[in-house]
Amino acid sequence: MEQLGREYARLCAAAGAAPQEAVLRRLRGPGGGRLDLAAQSLSLPTCSALGRLLPGAAPLAALALGDCGLSEEGVRLLLNGLCTNTTVKSLDLKGNNLRTTGAEALGKLLRQNKSIRSLTLEWNSLGMWEEGFSFFCQGLRANNFLQRLDLRNNQINHQGAGELAMALTQNTSLQELDLRWNNIGLLGGRALLNCLHSNKTLKRLELAGNNVPGDILKAVEQALDHNQDRETILSEAQNQVNILSKEVLSLKDEKNKQFMDFVDTVDKQKEERARSEKMSAARVSQLQEALDEQYSIMNSLKTKLQMTEAALTLSEQKVHTLGELLSAMKQEQNSVAESHFRELQQQKQEGADRESKLLHDLSAASEKNLLLRNQVDELERKCKVQQDQLFQVKQDLTNTTAELKLRAVEAEERLEMEKRRFKQSLEDMESLRVKEVDRVAQQMEASERSMHDRIQRLEAIRISLDEELSQAKAAALAERGRAEEELIKVRSQARLEEQQRLEHLEEKLRLMTESRDEAQNCCLKQKEMVAEAQAKAKQLSLYADGLKRRLEELQQVVWSGEEEKVTELNKVKVELQEQIGHLEAERTAQDGLREKIAALERQLKALSSNHREALLDKEGEISLLLEKLRMKEAEISRMREEEAQRASFLQNAIMAYVQGSPLGTHSSRK
């Protein structure tokens, strides 16, 4: 504030005028964001300096210039400075006798300023100058930031009230308007009442001391009450929308967290599978090496057998050749004479020795053959044992496949039961909603019929009143009083019915929210069932992984057998792959169920949106009915005025007839 005082002194010095001490004290004093210059006679240089100072006056939030005796030029300078100000929220200009120039400056201020929320113009003369007040109303029409306007004691007539009403039809921010102690009258009150049909933001309108009829004041109060009720309903609806949006965001976050957890679990399973595959590959390589060693041993044994068989064939060939030699020697002995007898004996001894050696070799070869045969028998026994093991494994596989099929059938039956329950709950909810909508429509039709009956009754009363007015003035006045009482009763009844309808609609809203909560609980239960199915699917996948590992082990065992065993194992592999395909098909079916659940959730959201739209439509119908009621009340008031005019015309005619009759002339002569 001290800086504002220095700036004010500098601007006054630059303009060649002395600063006012009272203004300096107020500028330099601790104002707490408020500059109070009320009841200070401000000169034109001071107004010029303040007009230059106000655009950058950041600490000021309220400015009081009441009863300052401002001139037209001073007001223009001050308000031009406020046009670009962005901190002043409250402006007080009461008791300054503002006229055309001031009204034009105020209109410009309202068009350009976007910070002022409260404007006090009490005890001025804005309504005396029609052109200036029209500029002021144009500025109010373009302004969408002002919330409170005080126009008490401004000599505003019915024309000014009409311009104000035109401005209020397009203004969407003004909430309080004070027009007490002006000259608005009947026409101005009607114009303001008509503007309230399109203005839905004005909550407070003071019209005391304006010669406005009581029925118009009551209609204005009803319109303002309707605006307040509408504002409260809109605020409650906005709060509900905010709460629902927060719930939706929280649900989305939970779903995202669940999806991320599911992705993490899938990644972990993939990592575990990769590790198991690496381990199985290493084990397979080790077993393959062992099998290669066994194959090499078998090949060496086969080569040894072939070597022994070749040795046997050679020994047999040698025996055959020796027999031939013996026969040749015998022939030679028979052919040779006794001279060679000794040589033959020696040769016989040598042949016997050779035969003994050959027999010894034959016995050794036969022993080797027996050993090899025993080894072959042992290998055949091992093959039989492996075949028995393979048969047991096949039986285990068949048992596991049967168990898996039974479990899959049970899971499908459970899923079908849950689907049927969910469909039945949805059908029940839909039937309840249709019944409620039909009941609301029937109630609305009954209310419309009752309103039409009441209007017809009122019209019949009006006709009877017209007939009785033609008979006598006193009877007409009495009937009019009765009609007014009946109208008051009808209005009270209409208000009570409107309150009852609103309470009924609130109960319906509560029931709809409860049904929505129940649907959400059903969705949560379905989600839990899906989570259980997912857990079961994970268990089945783990079991399938175990089966795969067991298959790999069996393959490693089978690879040590013959080619027939390999073919049997391939068949088993094909069967297991088919089972795995069935399991994967079940997984896809579960994914389809998840998609169906998501579609059901979307349908629930669509149903909730349809319910909201239906409620909004009902609110629109209620507003239309209220507007029809207001129109009927306006027509009744107009008819009452016409009846009053007719009564006055009848009275004037009767008086004229009395005065024109001989009795009237005789009395006038007397």
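Data block above holds the structure.
Treat the numbers as computed from the prediction; the structure is a model and nothing was measured.

## Quick notes on the overall build of the protein chain
Step number 1: Helix and strand content of the protein chain: 13 helices and 7 strands.
Step number 2: Here the protein chain has a C-alpha radius of gyration of 56 Å; the compact-globule value for 670 residues is 26 Å, and the former is much larger.
Step number 3: Taking as baseline every contact in the protein chain between residues at least 6 positions apart, the subset at least 24 positions apart corresponds to 83%.
Step number 4: In the form shown here, the protein chain has an accessible surface area of approximately 42,800 Å², with 54% of it arising from carbon and sulfur atoms.
Step number 5: Within the protein chain, the 107 negative side-chain charges are centred at a point lying 6 Å from the centre of the 98 positive side-chain charges.

## A short note on the packing of helix H1 (residues 2-15) against helix H2 (residues 21-28)
Step number 1: Viewed as axis vectors pointing N to C, H1 and H2 meet at an angle of 150 degrees, and their least axial separation amounts to 7 Å. Classified by the angle between their axes, H1 and H2 sit roughly antiparallel to one another. Judged by residue contacts, Glu2, Leu4, Gly5, Tyr8 and Ala9 of H1 engage Val23, Leu24, Leu27 and Arg28 from H2.
Step number 2: Here the residues of the contact of H1 with H2 sort into 6 nonpolar, 1 polar and 2 charged.

## Describing the environment of Phe422
Step number 1: The topology assignment puts Phe422 in helix H10 (residues 341-471).
Step number 2: Through-space distance from the C-alpha of Phe422 to that of Gln526 is 8.3 Å; in sequence the pair is 104 residues apart.
Step number 3: Beyond its immediate sequence surroundings of up to four residues, Phe422 is in contact with Cys522, Gln526 and Leu600.

## Some remarks on H1
Step number 1: With 14 residues, H1 extends 20 Å between its outermost C-alpha atoms, agreeing within 8% with the 20 Å of an ideal straight helix rising 1.5 Å per residue.
Step number 2: Next to the buried residues of H1 lie H2 and helix H3 (44-53).
Step number 3: Where H1 ends, the next residue or the one after it, Gly16, has phi of about 80 degrees, a positive value.

## Here we look at unusual backbone geometry
Step number 1: Positive phi outside glycine occurs at Gln155, with the angle close to 55 degrees.
Step number 2: Tracing the sequence through the fold places Gln155 in the loop between strand E5 (148-150) and helix H7 (158-170).
Step number 3: Note on Gln155: relative accessible area 40%, which makes it partly exposed.

## Some words on the nonpolar core
Step number 1: In terms of nonpolar packing, the biggest core is built from 67 residues, with Leu106, Leu121, Leu149, Leu151 and Leu179 touching the most fellow members.
Step number 2: Not counting residues up to four positions away in its chain, the partners in contact with Leu121 are Leu93, Lys94, Leu98, Leu106, Leu126, Phe136, Leu149, Asp150, Leu151, Arg152 and Asn154.
Step number 3: Ranked by size, the runner-up nonpolar core spans 8 residues in total, among them Val440, Leu505, Ile622 and Leu629.

## A short note on the environment of Thr265
Step number 1: Tracing the backbone shows Thr265 in helix H9 (residues 214-335).
Step number 2: Given a relative accessible area of 25%, Thr265 falls into the partly exposed group.
Step number 3: Thr265 sits 273 residues away from Lys538 along the chain, and the two C-alpha atoms are 9.9 Å apart.

The rules we used
- Residues numbered from 1 in each chain as written.
- Predicted model: local features only at pLDDT ≥ 70, side-chain atom pairs only at ≥ 80, totals over all residues.
- Heavy atoms only, no water.
- Helix = DSSP H or I, 4+ residues; strand = E, 2+ residues; numbered from the N terminus.
- Rg over C-alpha atoms; globule rule 2.2 N^0.38 Å.
- Contact = heavy atoms within 4.5 Å.
- Areas by Shrake-Rupley, 256 points an atom, 1.4 Å probe, with all protein chains shown as cover.
- Lys, Arg positive; Asp, Glu negative; His and termini not counted.
- Charge placed at Lys NZ, Arg CZ, Asp CG, Glu CD.
- Axes fitted to C-alpha atoms, helices over the stretch in contact; angles between N-to-C directions.
- Parallel < 35°, antiparallel > 145°, perpendicular 65-115°, else oblique.
- Nonpolar A, V, L, I, M, F, W, Y, C, P; charged D, E, K, R; others polar.
- Expected span 1.5 Å × (residues − 1).
- Buried < 20%, exposed > 50% of the residue type's maximum accessible area, 1.4 Å probe, protein only.
- Core = buried A, V, L, I, M, F, W, Y, C linked by side-chain atoms within 4.5 Å.

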